[in-house]
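Descriptive structure summary
Chain residues, written in single-letter form:
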Amino acid sequence: MAPQLKDELDIVIPTIRNLDFLEMWRPFFLPYHLIIVQDGDPSKTIKVPEGFDYELYNRNDINRILGPRASCISFKDSACRCFGYMISKKKYIYTIDDDCFVAKDPSGKDIDALAQHIKNLLCPSTPLFFNTLYDPFADGADFVRGYPFSLREGVPTAVSHGLWLNIPDYDAPTQLVKPRERNSRYVDAVMTIPKGTLFPMCGMNLAFDRDLIGPAMYFGLMGDGQPIGRYDDMWAGWCIKVICDHLGLGVKTGLPYIWHSKASNPFVNLKKEYKGIFWQEDIIPFFQAITLPKDCDTVQKCYVALSQQVKDKLGKVDPYFTKLADAMVTWIDAWDTLNPGKATANGTAKGK
């Protein structure tokens with residue numbers, strides 16, 4: 001049987017190191033095309049295991065392809081991965097970090113994370129009414145008594161947000177007070193995040209429908225030259241959630257799990273997160289209160305309208321948000337330039 005969505009899905013990996021971790025994923029990833037976004041020094045050679053079909057983009061490629069618009073792509077931060085979303089020509093994206101390995105389910109069987117993400121994306125979401133058996137489209141589940149029949153058709157799923165065993169995705173203060181904590185809880189569930197509810201999106205094990213939500217999957221301005229880091233995926237998560245709610249799309253979270261192997265340094269993380277921890281107390285109420293104009297009927301229109309509200313309201317919190325709002329508009333401009341139809345752009349290296 002041919003792998004599902006083989007010609008419709010790209011795997012995007014941000015990295016600064018050789019991709020030995022792909023060996024463990026070989027049985028699951030080999031049929032798919034990889035887009036590798038090399039962060040840091042572009043003169044460094046990244047080694048990719050033999051047999052994988054990939055294209056690799058470094059900072060020089062990003063600057064060459066985007067020109068002045070390259071300013072919207074973060075440097076020295078995994079937020080650079082969103083360039084891969086922009087350059088892809090596929091309908092679906094799966095993105096994974098290079099310190100994430102294959103996890104095992106409670107029976108000891110290797111988890112095919114990609115297959116579960118595909119299952120999540122191809123089944124509808126139910127954001128308008130919560131099903132107490134979680135995902136009604138999962139094997140052995142259904143809509144429970146009292147679930148309105150008029151809502152059982154659900155809505156298209158735009159995002160599938162996976163989880164992690166071993167090293168939890170904690171912020172720096174939590175890492176500091178729980179340095180030895182590991183996540184061993186395997187919860188066999190997928191659920192739709194209800195309409196009007198925000199969530200902290202983690203980008204290390206994430207899949208989405210690029211056609212439905214791609215232009216909003218911008219990981220912001222982080223890392224080199226910016227006053228904040230480690231909020232890239234969360235920023236994107238808040239943006240995509242309010243846009244999904246507005247456009248009638250769904251976001252799922254839960255399965256699949258991956259094995260997160262490496263804890264990042266909590267002191268380095270604290271330095272990156274410090275301002276975000278304070279700013280978050282303004283950012284979250286901002287996103288909770290957002291309403292988008294009715295005439296915003298595309299992701300691009302929603303995102304540009306959102307950027308204006310970021311500038312008007314969060315710009316008062318710190319000048320960084322004015323800069324971020326401008327970058328959001330630049331991102332959409334770059335996305336539309338690279339995706340007018342089926343235009344292609346070439347990276348430095350291709351392998352097979």
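The structure under discussion appears in the preceding block.
Rules behind the numbers
Residues numbered from 1 in each chain as written. Predicted model: local features only at pLDDT ≥ 70, side-chain atom pairs only at ≥ 80, totals over all residues. Heavy atoms only, no water. Helix = DSSP H or I, 4+ residues; strand = E, 2+ residues; numbered from the N terminus. Rg over C-alpha atoms; globule rule 2.2 N^0.38 Å. Buried < 20%, exposed > 50% of the residue type's maximum accessible area, 1.4 Å probe, protein only. Contact = heavy atoms within 4.5 Å. Areas by Shrake-Rupley, 256 points an atom, 1.4 Å probe, with all protein chains shown as cover. Lys, Arg positive; Asp, Glu negative; His and termini not counted. Charge placed at Lys NZ, Arg CZ, Asp CG, Glu CD. Arc of directions from axis to C-beta. Phe/Tyr/Trp six-rings, centres within 6.5 Å; stacked < 30°, edge-to-face > 60°. Lys NZ or Arg CZ within 6 Å of the ring centre and 35° of its normal. Salt bridge = Lys/Arg side-chain N within 4 Å of Asp/Glu carboxyl O. Pairing = 2+ DSSP bridges.

**Description of the overall build of the protein**
When helices and strands are counted, the protein shows 10 helices and 10 strands. Taken against the 2.2 N^0.38 rule, which gives 20 Å for 352 residues, the C-alpha radius of gyration of the protein at 19 Å falls within 12% of a compact globule. By its C-alpha atoms, the protein is 60 × 50 × 50 Å across when sized along the principal axes. Relative to its 352 residues, the protein shows a buried fraction of 53%. Sequence-distant contacts in the protein: of pairs separated by 6 or more residues, those separated by 24 or more amount to 75%. Accessible area of the protein: about 16,000 Å², with a carbon and sulfur share of 54%. One way to put it: in the protein the 40 positive side-chain charges average out to a point 1 Å from where the 42 negative ones average out.

**Digging into helix α1 (residues 22-29)**
Owing to its 3.6 residues per turn, the α-helix aligns residues three or four sequence positions apart on the same side. Considered for burial, the residues of α1 that qualify are L22, W25, F28 and F29. Taken down its axis, α1 places every buried residue within 100° of arc, on the same side.

**Description of the packing of aromatic side chains**
This model, assessed by the stated rule, comprises 22 aromatic pairs. Both rings, one in W25 and one in F28, keep their centres 6.2 Å apart while their planes meet at 65°; by these two values the pair is edge-to-face. Here W25 pairs with F28, and both are found in helix α1, just three residues apart, close to one helical turn. When its relative accessible area of 0% is taken as the criterion, W25 is described as buried. Between the aromatic rings of F130 and Y134, the centroid separation amounts to 6.4 Å while the plane-to-plane angle is 80°, which identifies the pairing as edge-to-face. Looking at Y134, the relative accessible area reads 39%, which means it is partly exposed. Pairwise contacts between aromatic rings join Y231, W235, W238, W279, F286, F287, Y320 and F321 into one cluster. Residue placement shows R152 over the ring face of F149; its charged tip is 3.8 Å from the ring centre.

**As for the side chain of D39**
Checked against the element boundaries, D39 lands in the loop between β2 (33-38) and β3 (53-57). This buried residue, D39, is left without a salt bridge; R59 holds the nearest opposite charge, at 5.9 Å. Every residue in contact with D39, bar those within four places of it in the chain, is listed here: T15, I16, F75, K76, D77, S78 and C80.

**Focus: the pairing of β2**
The element β2 is extensively covered by neighbouring structure, given that six of its six residues are classed as buried. Side chains H33, I35 and V37 of β2 all project onto a buried face; the interleaved residues L34, I36 and Q38 project onto the opposite face, where all are buried too. Note that strand β1 (residues 9-15) and β2 share six bridges and pair parallel. When the sheet's bridge partners are listed, P14 is paired in β2 with V37.

**As for the pattern of salt bridges**
Scanning the model with the defined rule gives 17 salt bridges in all. Its salt-bridge partner being D98, residue R17 comes within 2.9 Å of it at the nearest N-O pair. Here R17 is found in the loop between β1 and α1, whereas its partner D98 is found in the loop between β4 (92-96) and β5 (100-101), with 81 residues between them in sequence. The exposure class of R17 is partly exposed, given its relative accessible area of 33%. Between D97 and R81 there is a salt bridge; the shortest N-O distance is 2.6 Å. On the criterion of sequence distance, the pair formed by D97 in the loop between β4 and β5 and R81 in the loop between α2 (59-66) and α3 (82-87) is long-range, its members being 16 residues apart. Several salt bridges converge on common partners, so that one network encompasses K91, D209 and D211.

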